[in-house]
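# Structural characterization, general
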Amino acid sequence: MTDTLAAEWLKLRTARSTWYCLGGVALIVGLMALLAWYSAGAWDGLPPARRAAFALTPLPDLACWVANLVMGVLGVLAITSEYSTGMLRATLMVVPRRRTVLAAKAGVVGAVALVTGEAAGFATLAAGRLIIGDRPIQGQETHVGRIVTMGVLVMVFALIGLGVGTLLRSTAGAIVVVAGLWHIVPVLLQLLPEPWHDRIGSLMPGALVDEIAGTGGQHTIYGTGLPPAAAVMVMAAYIAVPLGAAGIALARRDVP
Amino acid sequence: MNELTKRYGDALAVDRLSFQVEPRCVTGFLGPNGAGKSTTMRVLLGLSAPTAGTALVNGRRYGDLRFPMREVGALLDAGAAHGGRTAFDHLRCLARTNRIGTARVAAVLEQVGLAGVGRKRIGGFSLGMRQRLGIAAALLGDPGVLMFDEPVNGLDPEGVRWIRELMRSLAAEGRTVLISSHLMSEMQLTADRLVVIGRGRLIADTTVRELAERFQRGVLVRTGRTPELARALEAAGASVVVEADGALAVKGLDPVRIGELAARHAIPVHEVTPRSASLEEAYMALTADSVEYGAAR
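Residues numbered from 1 in each chain as written. Chains lettered and ligands numbered in written order. Predicted model: local features only at pLDDT ≥ 70, side-chain atom pairs only at ≥ 80, totals over all residues. Heavy atoms only, no water.

### Section: the pairing of strand β3 (residues 26-30) of chain B
All names here are of chain B.
- Burial within β3 is extensive, with five of its five residues counted as buried.
- Going residue by residue along β3, you find Val26, Gly28 and Leu30 tucked away on one face and Thr27 and Phe29 tucked away on the opposite face as well.
- Pairing geometry for β3 and strand β7 (residues 176-181), over five bridges, is parallel. Its bridge partner being in β7, phenylalanine 29 is matched across the sheet by serine 180.
- Bridge count for β3 against strand β8 (residues 193-198) is four bridges, and the pairing is parallel. Bridging across to β8, threonine 27 finds its partner in arginine 193. (Buried < 20%, exposed > 50% of the residue type's maximum accessible area, 1.4 Å probe, protein only. Helix = DSSP H or I, 4+ residues; strand = E, 2+ residues; numbered from the N terminus. Pairing = 2+ DSSP bridges.)

### Remarks on the pattern of salt bridges
- Within the structure shown, the criterion is met by 26 salt bridges over all chains.
- The partner of Asp64(B) in a salt bridge is Arg61(B), and the shortest N-O contact between them spans 3.2 Å.
- On the basis of relative accessibility, which here comes to 45%, the residue Asp64(B) falls in the partly exposed class.
- For Glu173(B), the salt bridge goes to Arg175(B), with nearest N and O atoms at 2.6 Å.
- The class for Arg175(B) is buried, based on a relative accessible area of 15%.
- One connected set of salt bridges, linked through shared partners, spans Glu8(A), Lys11(A), Glu82(A) and Lys105(A). (Salt bridge = Lys/Arg side-chain N within 4 Å of Asp/Glu carboxyl O.)

### Considering the domain arrangement of chain B
- For chain B, the assigned domains read domain 1 (2-212) and domain 2 (216-276).
- Each of domain 1 of chain B and domain 2 of chain B has a C-alpha centre, and the two are 46 Å apart. (Domains from an automatic or database assignment.)

### Here's the deal with the sheet that holds β3(B)
Residues and elements named next belong to chain B.
- Spatially, β5-β6-β7-β3-β8-β9 is the arrangement adopted by the six strands of the open sheet, whose pairing is mixed. Strand pairing shows two members of the sheet lacking a second neighbour, β5 (72-75) and β9 (201-207), which therefore form its edges. In this sheet, adjacent strand axes meet at a mean angle of 15° when their direction is disregarded.
- By the bridge criterion, five bridges tie strand β6 (residues 145-149) to β7 in an arrangement that is parallel. Within the sheet, the bridge partner assigned to leucine 146 lies in β7 and is valine 177.
- Taken strand by strand, helix α1 (residues 37-44) contacts β3, β6, β7 and β8, and its axis lies near 145° from that of β6. (Axes fitted to C-alpha atoms, helices over the stretch in contact; angles between N-to-C directions. Contact = heavy atoms within 4.5 Å.)

### Observations regarding the packing of aromatic side chains
- What the rule picks out here adds up to two aromatic pairs over all chains.
- Each ring, one from Trp65(A) and one from Trp182(A), has its centre 4.5 Å from the other, and the planes form 25°; the classification is stacked. Remark: Trp182(A) occurs in helix α8 (residues 171-189) and Trp65(A) occurs in helix α4 (residues 59-85); sequence separation between them is 117 residues.
- For Trp182(A), a relative accessible area of 13% translates into the label buried.
- Seen in terms of ring centroids, Phe19(B) and Phe29(B) are 5.3 Å apart; in terms of plane orientation they differ by 45°. Their pairing is tilted. (Phe/Tyr/Trp six-rings, centres within 6.5 Å; stacked < 30°, edge-to-face > 60°.)

### Remarks on unusual backbone geometry
- That bond from Glu194(A) to Pro195(A) is cis: its omega, 5°, falls within 30 degrees of zero.
- The residue Pro195(A) is located in the loop between α8 and α9 (196-201) in this model.

### Overview of the interface of chain B and chain A
- Each partner contributes to the interface: chain B provides 35 residues, whereas chain A provides 25 residues.
- When chain B packs against chain A, close to 2,600 Å² is buried across both sides, 56% of that on carbon and sulfur atoms.
- Where Arg99(B) meets Asp3(A), a salt bridge forms, and the shortest distance between an N and an O atom there is 2.7 Å.
- For the side of chain B that touches chain A, the elements supplying multiple residues, two or more each, are β1 (2-8), α2 (68-71) and α3 (87-97) of chain B.
- Per-element tally for the side of chain B that touches chain A: the top contributor is α3(B), with seven residues. (Buried area = accessible area lost by both parts, 1.4 Å probe.)

### Concerning the packing of helix α7 (residues 144-168) of chain A against helix α11 (residues 228-252) of chain A
Residue and element names in this part refer to chain A.
- Relative to each other, α7 and α11 sit at 20°, their axes nearing to 8 Å. What the angle tells us is that α7 and α11 run roughly parallel. Helix-helix and strand crossings are classified by hand; for α7 and α11 the assignment is left-handed. In this structure, α7 contributes Thr149, Val152, Leu153, Met155, Val156, Leu159, Ile160, Leu162, Gly163, Val164, Thr166 and Leu167 to the contact, and α11 contributes Met235, Tyr238, Ile239, Pro242, Leu243, Ala245, Ala246, Ala249 and Leu250.
- Its residues assigned to classes, the contact of α7 with α11 shows 18 nonpolar, three polar and no charged. (Parallel < 35°, antiparallel > 145°, perpendicular 65-115°, else oblique. Left-handed = near helix turned anticlockwise from the far one by under 90°. Nonpolar A, V, L, I, M, F, W, Y, C, P; charged D, E, K, R; others polar.)

Right, here's the structure in full:
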């Protein structure tokens, strides 16, 4: 297992797409800093009476929200690039224990996404603090537990990507599923009448952060119905179900 | 390979195939396109599950090998590499899984003649270079068993010759070498033994020499005293046919015995030519019934 982990780590590091994805997240953090700088300037220009009404979406939220999709794509590519190039044949010839290969991929992809997610959240927080300073702008309150959970959600998206990519064996198909879970389905769920929007919307990955951190969001498109423990279970299921199904499919199917 | 069967839906790709590949020689694995050669190799390597039967390497299932690269090296197709990686990194990723160091990676790149482009991305490689990279991957673990599926595809004449010599030297080192091909002419120059399959079934498991002899068409003899020699040969047990130009087509006696017989009867002989069918023809005759995708004749 350690040999396979080391090899998968080497693979991830030597693929250009990994660096594009990490570069994409870094770019978003940079954009967030730019947004903080712009907002601080705008806030300064407002007459004091209107400053109280000035609100800015929490910047770590935005950074992690984008990182969710980018790392989801990284997870997809970790396996679908092997299917599309035929590399998977070589991979499974040198390690015929297929579930070991999937577990090793999950290990390295999950670790990279977790570190990336936490880094994106906290780097954005730091940049925002540095630039906005002590201006009391609405929405820029710090909640550390929430940012930690957002970083974990980035990892969850990467592992969903890996699981779905293994099941569908197609880059485009898997990215559609990941993007659907990320934002498309939550937006469509808003069309449901209550209580159905809240019931189903509470189960969306994006809803879990506020549910776990106990920070009910007013500006959320998601539901807020789950207690923290249930939300943790749902998050675990988002990891276990796609990867479990992927493990079974990978072990049973002939390698194309 | 024992009673190996692989079915894809209704199509039977491999049908109760049994054979064994011996060490210290190059075994050619021959069959027309679609005969089941690649499928057989894929099952052996654990990439496809057999419908029935078993395929074992060194007496064990491939999936049970702890370090498969050290026992079996295989080239299935030249495509099995991520184009974005360099040749060196690609091999390093494979080697790491079986605890093979980077020194060995550099050594096999040297051996296959890719040392100069080890740091280049595989995406820019020609088919021939990819074949060499695939062979390098197969050699990484210094395995005793080597399998190559159509290794000469895409290689230039120099490359074809290189492969031929490489295969011969690998077998001379005591390794088991199996090469699949649909071209008899190639195997004739490289292989010692032949396993011929068609439509998933075993047609022949033989040596190159045996196959050539089996399809020998006798000896052509010319002499000024045709009837006399024909009588003498028939008396010695040969079957003799007089051909249109007066030559004798002799079966059942080898050229040495024919020469001795002629000398004993003091008949001057102008020509003695063994007429063996080319292996190509032998192969065509063997597989004529099993061509999956033949042109209409």
